[in-house]
Every structure is written in structure tokens, then in C-alpha cells.
2 protein chains.
Amino acid sequence: MYAIASSPGKAILFGEHFVVENQPAIAVALSLRARVKASLMDASVIRVSSRNLSMARKFAIPPSGEGDPLFPVAYSAYLVMERIGSPRGIDIEVDSSIPPGSGMGSSASVAVATIAATSYVLGAELSPEEISKLAFESEKIVHGRPSGIDNTIATFGGAIAYRKGEGFLRLNVDFSEVSLVLADTGRARNTGEFVKRVLALKEAFPNVLEPIYYAAGRLAVEAAKLMERGDWEAVGVLMNVNHGLLSAIGVSTQEIEQLVYTARRAGALGAKLTGAGGGGFIVALCRKGSENAVAKELEKISPRVIISNVSSEGVVVEAKS
Amino acid sequence: MYAIASSPGKAILFGEHFVVENQPAIAVALSLRARVKASLMDASVIRVSSRNLSMARKFAIPPSGEGDPLFPVAYSAYLVMERIGSPRGIDIEVDSSIPPGSGMGSSASVAVATIAATSYVLGAELSPEEISKLAFESEKIVHGRPSGIDNTIATFGGAIAYRKGEGFLRLNVDFSEVSLVLADTGRARNTGEFVKRVLALKEAFPNVLEPIYYAAGRLAVEAAKLMERGDWEAVGVLMNVNHGLLSAIGVSTQEIEQLVYTARRAGALGAKLTGAGGGGFIVALCRKGSENAVAKELEKISPRVIISNVSSEGVVVEAKS
């Protein structure tokens with residue numbers, strides 16, 4: 001018996017960093033997905049293999065080995081067993097098109113797909129809310145203090161407005177007119193370090209930073225309305241403004257700026273860093289038809305450029321037997 | 001009989017653009033100066049020559065010819081004659097080390113020096129306040145709606161905090177520990193167009209832009225205190241934050257970002273665009289001793305790099321006979 005589940009990656013369009021201090025953020029699901037096949041086994045272990053990492057490991061039930069990159073996958077499967085009171089030997093195969101460590105929520109998508117596939121093959125159908133909650137538990141192992149955005153978008157898909165402590169709101173947006181182009185700076189991010197740095201700046205200059213946070217919050221609220229209205233020109237303008245605010249709090253770099261301005265010059269409606277900054281990816285919003293031209297210009301200076309639609313599809317069980 | 005007067009150029013360290021909507025700005029006087037020699041002549045005309053422009057013109061009294069680049073100089077001299085009721089033939093020679101059209105207040109410095117030299121040679125000593133006021137009148141011819149910062153700093157030197165409608169406050173700052181490095185993007189600015197664009201953005205998204213303006217205002221107030229305290233590290237950090245806010249309101253460019261990040265990487269305490277943006281110059285704050293290294297890196301990508309101290313000296317009569 002097996003089940004295959006898949007779950008989307010995410011991009012933050014508005015509000016990263018500012019979300020840490022209770023301002024709203026907006027994230028969307030990408031057409032890039034993580035796929036997980038869970039199969040029952042006789043041996044009483046959790047076997048995890050990753051096509052992307054070319055790695056395989058066996059974990060005991062309950063699993064240990066926190067440093068291992070595959071541990072969070074085993075732990076996600078174990079959380080399901082614990083939840084439904086049914087420990088079983090299980091084989092988990094991971095295959096993801098979401099670049100890991102990119103700020104696109106790769107680990108949350110793998111966790112969500114693992115939890116969905118595992119629960120299915122164990123004969124229990126968890127509600128999306130339960131899947132998201134277990135994935136959040138699993139994310140704590142990887143990220144320490146995850147915001148909750150990644151597991152939410154990986155579970156529900158589409159676009160969400162998220163506010164710490166208040167949960168999330170699904171936005172009613174038609175994304176058929178736009179595509180996203182994501183371009184890699186070629187530099188690794190260090191989310192934890194950058195979050196700390198920004199908070200230190202806020203502590204040093206609260207009078208200056210508080211209105212910047214407030215502006216970012218207003219911006220996300222405004223952007224949510226414009227997205228629901230389909231006013232993509234204005235959404236692009238606000239992405240550019242949001243990028244400037246991220247630059248103001250010190251998380252941009254020369255490489256990020258080059259990508260951002262290259263995308264804008266090539267016809268993107270707006271472009272900004274996405275995620276923690278200091279490296280990682282930028283995201284450009286393009287009217288459908290212009291994404292290839294934007295990607296072509298970005299490819300000249302970026303080691304990895306990805307065109308993605310926004311997907312309304314959250315976690316789904318794709319196959320089972 | 002002649003008199004030679006000189007007057008400093010300026011750099012805005014904090015608050016450009018935001019000053020238009022009544023937020024405070026901070027400007028400093030540069031060691032770059034405009035020098036003007038005014039000599040009495042028998043012929044009843046105002047003769048103006050510019051060493052920098054390699055041009056000379058004769059103007060009637062009162063002068064006409066508003067399109068002429070030397071007209072504002074003749075007009076400045078005429079304003080003095082009108083003020084003291086003594087129209088006389090006069091020869092004005094301009095020699096300036098302030099790059100024109102750079103946002104460094106070249107025209108105001110020339111106006112201030114012209115007014116000082118002319119009044120001296122005509123036997124009337126105007127107060128600094130009167131000189132600044134006449135230069136402001138003359139600036140209206142060039143800029144339409146000048147902020148008043150340029151003539152103020154060109155007259156008084158040092159550092160000023162300026163707020164529209166409230167006038168200015170002289171800051172008590174010791175600049176001996178720092179130098180400025182100014183680097184040209186090689187692109188001309190278009191101040192009027194950029195001011196309009198920013199105001200259009202503010203009109204479209206007042207909820208978002210108002211807190212950004214407010215943040216910029218808090219920032220200038222905070223920076224003034226830190227400058228008076230000589231905390232240059234913190235001043236540099238706030239220059240970077242201010243640059244981000246300028247990026248947020250859409251007046252930065254790829255060339256500006258390259259210069260700004262190059263300066264920061266080369267050891268500047270902070271770096272930002274200065275003036276209207278869209279081109280023009282960036283300004284980097286450097287601890288004394290590091291300015292050459294910063295200038296050297298900037299020279300690799302900028303057509304013109306200028307090292308300048310901040311000067312406490314405003315307008316002075318350097319020589320007379």
C-alpha cells in the first residue's frame with residue numbers, strides 16, 4: 001500500500017521581516033511542488049530517501065538524529081503515527097522541485113506532503129487544519145521559531161494574508177494574468193542572523209523603525225485589496241516600495257539590487273527580495289507573456305532563474321493504492 | 001575696486017524629498033566652493049564670465065535673458081543693486097569647484113558669493129540673513145520652487161537642520177573625524193520630474209507613504225542628535241536606512257545602488273543617494289583615513305569621485321581692494 005501526496009512551495013510577496021513584529025504578510029503558493037510517496041513496510045523503521053539530496057536513511061520509531069537533513073521528514077511521519085496512535089514501518093520517498101534553502105518553503109512543503117501521504121497510507125484522513133498544525137510542529141525542529149506561513153501556504157495553496165498571533169486569511173485572488181519569476185543571488189541566506197540584525201536595529205532606533213514597520217503593515221493590507229481587485233500594476237508598484245523598506249532595514253545586498261533592477265528594466269511590474277534577504281532569491285511579478293523576457297535578462301546574472309505560476313492548489317493526494 | 005567672495009556647496013545627508021512635505025532635512029557645507037570676483041566698471045552693464053562654462057555675457061541693468069545659464073548670476077548682482085538702490089556697471093567673474101547640476105547647490109553658492117562680492121564692492125555690507133534671502137530670490141529664477149536649503153547652507157556653512165515653513169536650525173557638530181566621498185552616477189538628475197513622481201506615489205498610496213515620510217522625519221531628528229554627539233557609526237547606519245526609504249519612494253536606480261554598496265563594502269560608515277535621485281551623486285560618510293580607499297573603489301565604476309570635508313565656513317569675503 002502506498003500514497004503519493006504533493007504540496008506547493010511559497011513566495012512571500014509582502015511583509016517578510018515585518019511579520020516578526022506582528023505586521024501582516026502576504027504569501028502565495030508556487031506551482032513548484034514537493035512530492036512524497038509513503039509506502040507501508042514490514043520492518044519497524046521509518047526509511048527516508050530523497051531524490052534531490054541523493055540520500056537515504058533509516059530511522060527508529062520514534063526517530064532520533066536531529067542533525068540529519070532527512071530527520072525532519074522521519075519526524076513528520078512519526079508525528080502522524082503518534083497523532084493517530086498507529087506506529088508502523090513506513091518508507092518515505094521525497095522528490096521536490098522546490099530549491100531547498102531558498103526561502104520558498106521547501107521544508108514545510110516536504111513536511112506537509114509527508115504528513116498527508118503518511119496519514120493516508122495509515123488509513124487516517126487528517127483535515128487540512130490538522131496537517132498544517134502537525135507540519136508546524138515538525139517545522140519547529142528545522143527553524144526553531146517558524147512564523148507559520150510556510151506550513152499554512154503549503155497546506156492550503158493560493159494566497160494568504162498572515163498575521164502573527166491572529167492566524168491567516170485566505171485571499172480571493174485570480175492569478176491567471178500574472179506569473180512570477182524567481183532569481184537566485186547565488187548567495188546563501190542566513191535567516192536567523194538577519195532576523196536578529198533587524199531586531200537589533202529596531203532596538204537601537206525604535207522611533208525610526210516603528211513607523212517603517214507600520215508602513216510595511218499598511219502596505220500589505222493595501223496590497224491584499226489590490227490583488228483581490230486584480231490591479232497588478234499597483235501591486236507591482238507596492239512590491240517595489242516594500243523592497244525599499246527591506247533595504248531600509250538592512251537586508252538587501254548589491255547582488256539583490258542588481259537582480260531587482262534588472263527585472264524591473266526587463267518589464268516586470270515589480271520586483272523585490274523575498275524571504276530573509278542577505279542573499280537568497282528575488283521575486284518579480286510579470287504580466288503573462290512578459291515572464292520569458294524578464295527571465296532571459298535575469299539569467300545573464302543569476303545562476304538559477306525559475307518561472308512559476310501562483311497555484312491555488314494546496315496539499316493533494318495524487319495517487320494511492 | 002573689486003571684492004572676491006566665496007561660498008560652499010552642500011550635500012543633503014538626510015531628508016531629501018521628504019522635506020517637500022514638511023519633514024526635517026539635514027544638510028552640510030562642503031569644502032568645495034564657488035568663488036566670485038566683482039569689479040566696478042564704467043560701462044553701465046553687468047558683465048558675467050564663467051571660467052567653468054568658458055562663457056561670457058553682457059547684460060543690461062536690469063538684466064534680461066532668462067534662458068541664459070549666466071543670467072542668474074547677473075540677476076543676483078542686480079538684486080543687490082536694487083536692494084541698496086545703487087545700479088552700477090559691474091564685472092562678475094565666476095570660478096567654482098562645485099560640479100553644476102550635481103545636487104551640490106552650485107547655483108545657490110554662486111548666487112550667494114555673487115551677492116556678497118557685489119554688495120561689498122558697492123560699499124554695502126549685507127547681513128548673512130539678507131544675503132541668504134536675496135540668494136533665495138535669485139534661486140527662484142533657476143529652480144522655480146527652491147526649498148531654501150541651498151542658499152541657507154551656502155551662506156552659513158556647517159550643518160543645518162531645515163524644515164519647510166519653520167526655517168533652519170544650525171547644528172553644533174564637530175566634523176574633524178569624518179570625510180565625505182561623493183560619486184557621480186554619470187546620469188543627469190531631473191529634480192522636478194522626480195519630485196512630481198514621488199508626490200504622485202504619495203497621492204496613490206497615502207496610507208503607505210505617510211508613515212514612510214514620518215519615519216524619514218524621525219530619522220533626521222535622531223541623526224541630528226547623533227551628529228552633535230559625534231556618534232558617526234550610528235549616523236552611518238541611519239544614512240543607510242534613509243537610503244532605503246528613498247529607494248522605497250522610487251528615486252533610486254541600479255547605478256545608484258552599485259555606488260552605494262561599493263562605498264559600504266569599501267569601508268564607508270554609511271552611503272546613500274543625495275539630492276533628487278534618478279541619477280546625480282551618492283554621498284558616503286567615511287571616518288578620516290578611510291576616504292581614499294572608498295574613493296578608489298568608487299573610481300572604478302564612477303566617472304567622477306570627489307573627496308570633501310564638511311566645512312564650517314559659510315560665505316566669506318576673501319579679498320578686496
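Residues numbered from 1 in each chain as written. Chains lettered and ligands numbered in written order. Predicted model: local features only at pLDDT ≥ 70, side-chain atom pairs only at ≥ 80, totals over all residues. Heavy atoms only, no water.

The name given to chain A in an unreviewed UniProt entry is Mevalonate kinase, and the organism recorded there is Infirmifilum lucidum. Note on chain A: under the UniProt heading Sequence similarities (unreviewed entry), the record states "Belongs to the GHMP kinase family. Mevalonate kinase subfamily." In the Cofactor (unreviewed entry) part of its UniProt record, chain A is described as follows: "Mg(2+)". (UniProt positions renumbered as here; feature names shortened; annotations may be inferred.)

Asks: Residue-level account of the sheet that holds strand β9 (residues 270-274) of chain A, with values.
Replies: Residue and element names in this part refer to chain A. Taken together, the four strands give an open sheet; going across it, the order is β9-β10-β8-β11, and neighbouring strands pair in antiparallel fashion. Two strands close off the open sheet at either side, each with one partner strand: β9 and β11 (305-308). Averaged over all pairs of adjacent strands, the angle between strand axes in this sheet comes to 25°, irrespective of strand direction. Bridge count between strand β8 (residues 178-184) and strand β10 (residues 281-287): seven bridges; the pairing is antiparallel. When the sheet's bridge partners are listed, Val 181 is paired in β10 with Ala 284. (Pairing = 2+ DSSP bridges. Helix = DSSP H or I, 4+ residues; strand = E, 2+ residues; numbered from the N terminus. Axes fitted to C-alpha atoms, helices over the stretch in contact; angles between N-to-C directions.)

Asks: Requested: an account of the domain arrangement of chain A, with residues and values cited.
Replies: Residues and elements named next belong to chain A. Per the domain assignment, the segments of chain A are domain 1 (2-171) and domain 2 (178-308). Taking only C-alpha atoms, the centre of domain 1 and the centre of domain 2 are 25 Å apart. Counting residues at the interface gives 24 residues for domain 1 and 38 residues for domain 2. At the boundary of domain 1 with domain 2, total buried surface from both sides reaches about 2600 Å², with 71% on carbon and sulfur atoms. (Domains from an automatic or database assignment. Contact = heavy atoms within 4.5 Å. Buried area = accessible area lost by both parts, 1.4 Å probe.)

Asks: Tell me about the packing of helix α5 (residues 191-204) of chain A against helix α6 (residues 206-229) of chain A, and name the residues and values.
Replies: All names here are of chain A. Between α5 and α6, whose axes approach to 6 Å, the crossing angle comes to 120°. It follows from the interaxial angle that α5 and α6 lie oblique. Between α5 and α6, the residues in contact are Val 198, Leu 199, Leu 201, Lys 202, Glu 203 and Ala 204 and Pro 206, Leu 209, Glu 210 and Tyr 213, respectively. Residues that form the contact of α5 with α6 fall into these classes: seven nonpolar, no polar and three charged. (Parallel < 35°, antiparallel > 145°, perpendicular 65-115°, else oblique. Nonpolar A, V, L, I, M, F, W, Y, C, P; charged D, E, K, R; others polar.)

Asks: For the pattern of salt bridges, give the residues involved together with the corresponding values.
Replies: Under the definition given, this model contains 36 salt bridges over all chains. Lys 202 of chain A serves as the salt-bridge partner of Glu 21 of chain A, at 2.7 Å between the closest nitrogen and oxygen. You can see Glu 21 of chain A sitting in the loop between β1 (2-14) and β2 (25-40) and its partner Lys 202 of chain A sitting in helix α5, a full 181 residues away along the chain. The exposure class assigned to Lys 202 of chain A is buried, which follows from its relative accessible area of 12%. Glu 130 of chain B serves as the salt-bridge partner of Arg 83 of chain B, at 2.2 Å between the closest nitrogen and oxygen. (Salt bridge = Lys/Arg side-chain N within 4 Å of Asp/Glu carboxyl O. Buried < 20%, exposed > 50% of the residue type's maximum accessible area, 1.4 Å probe, protein only.)

Asks: Give me the lowdown on the interface of chain B and chain A, citing residues and values where you can.
Replies: Across the boundary between the two partners, chain B contributes 30 residues, which contact 30 residues of chain A. In total, about 2600 Å² of surface goes out of reach between chain B and chain A, with carbon and sulfur atoms giving 65% of it. There are two salt bridges connecting chain B and chain A. Of the charged contacts in the structure, one is a salt bridge between Arg 265 of chain A and Glu 255 of chain B, with a shortest N-O distance of 2.9 Å. Summed over the shared surface of chain B and chain A, the number is two residue pairs in polar contact (both at pLDDT 80 or more). Residue assignment for the side of chain B that touches chain A shows that the elements contributing at least two residues are α6 (206-229), α7 (232-248) and α8 (254-265) of chain B. Per-element tally for the side of chain B that touches chain A: the top contributor is α6 of chain B, with ten residues. (Polar contact = N/O pair within 3.5 Å; in protein donor to acceptor, adjacent residues only side chain to side chain.)

Asks: Quick one: what's the story with the packing of α7 of chain B against α8 of chain B, residue by residue and with numbers?
Replies: All names here are of chain B. It is the contact of α7 with α8, at a shortest axis distance of 12 Å, that shows an interaxial angle of 170°. Viewed along their axes, α7 and α8 adopt a mutual orientation that is roughly antiparallel. Considering how the two elements wind past one another, α7 and α8 form a crossing that is left-handed. Here Asn 240, His 243 and Ser 247 of α7 lie close against α8, whose contacting residues are Ile 256, Glu 257, Val 260 and Arg 264. (Left-handed = near helix turned anticlockwise from the far one by under 90°.)

Asks: How would you explain the sheet that holds strand β11 (residues 305-308) of chain B if you had to name every residue and give the values?
Replies: Residue and element names in this part refer to chain B. Taken in spatial order, the four strands of this open sheet run β9-β10-β8-β11, and their pairing is antiparallel. At either end of the open sheet lies a strand with only one pairing partner, and these are β9 (270-274) and β11. Pairwise comparison of adjacent strand axes, ignoring direction, gives a mean angle of 20° for this sheet. As paired strands, strand β8 (residues 178-184) and β11 are joined by four bridges and run antiparallel to one another. Bridging from a neighbouring strand, Leu 180 pairs with Ser 308 of β11. The sheet strands contacting α8 are β8, β9 and β10 (281-287), and the helix crosses β9 at an angle near 155°.

Asks: Quick rundown of the packing of aromatic side chains? Include the residues and the values.
Replies: The description of an aromatic ring pair uses the distance of the two centres, along with the angle that the planes make with each other. All names here are of chain A. Within the structure shown, the criterion is met by ten aromatic pairs over all chains. Aromatic ring contacts, followed pair by pair, group Phe 59, Phe 71 and Tyr 75 into a single cluster. A cation over an aromatic ring shows up here: Lys 37 above the ring of Tyr 2, its NZ or CZ 4.5 Å from the ring centre. Positioned above the aromatic ring of Phe 194, the side-chain terminus of Arg 197 is 4.4 Å from the ring centre. (Phe/Tyr/Trp six-rings, centres within 6.5 Å; stacked < 30°, edge-to-face > 60°. Lys NZ or Arg CZ within 6 Å of the ring centre and 35° of its normal.)

Asks: Lay out the relation of the copies chain B and chain A in plain terms, naming residues and giving numbers.
Replies: For the pair chain B and chain A, the relating rotation is 180°, the translation along its axis is 0.0 Å, and the fit reaches an RMSD of 0.0 Å. When the rotation and shift are considered jointly, the pair of chain copies conforms to a two-fold rotation axis. (Least-squares fit on C-alpha atoms with pLDDT ≥ 70 in both.)

Asks: Tell me what's going on with the environment of Ser 252 of chain B, and back it up with residues and numbers.
Replies: Inspection of the secondary structure puts Ser 252 of chain B in the loop between α7 and α8. For Ser 252 of chain B, a relative accessible area of 7% translates into the label buried. Residues Ser 252 of chain B and Pro 24 of chain B lie 228 residues apart in sequence; the distance between their C-alpha atoms is 20 Å. Once you skip the residues sitting within four places of it in the chain, Ser 252 of chain B turns out to touch Tyr 261 of chain A together with His 243, Leu 246, Ser 247, Glu 257 and Leu 273 of chain B. A distance of 2.7 Å separates a polar atom in the side chain of Ser 252 of chain B from a polar atom in the side chain of Glu 257 of chain B.

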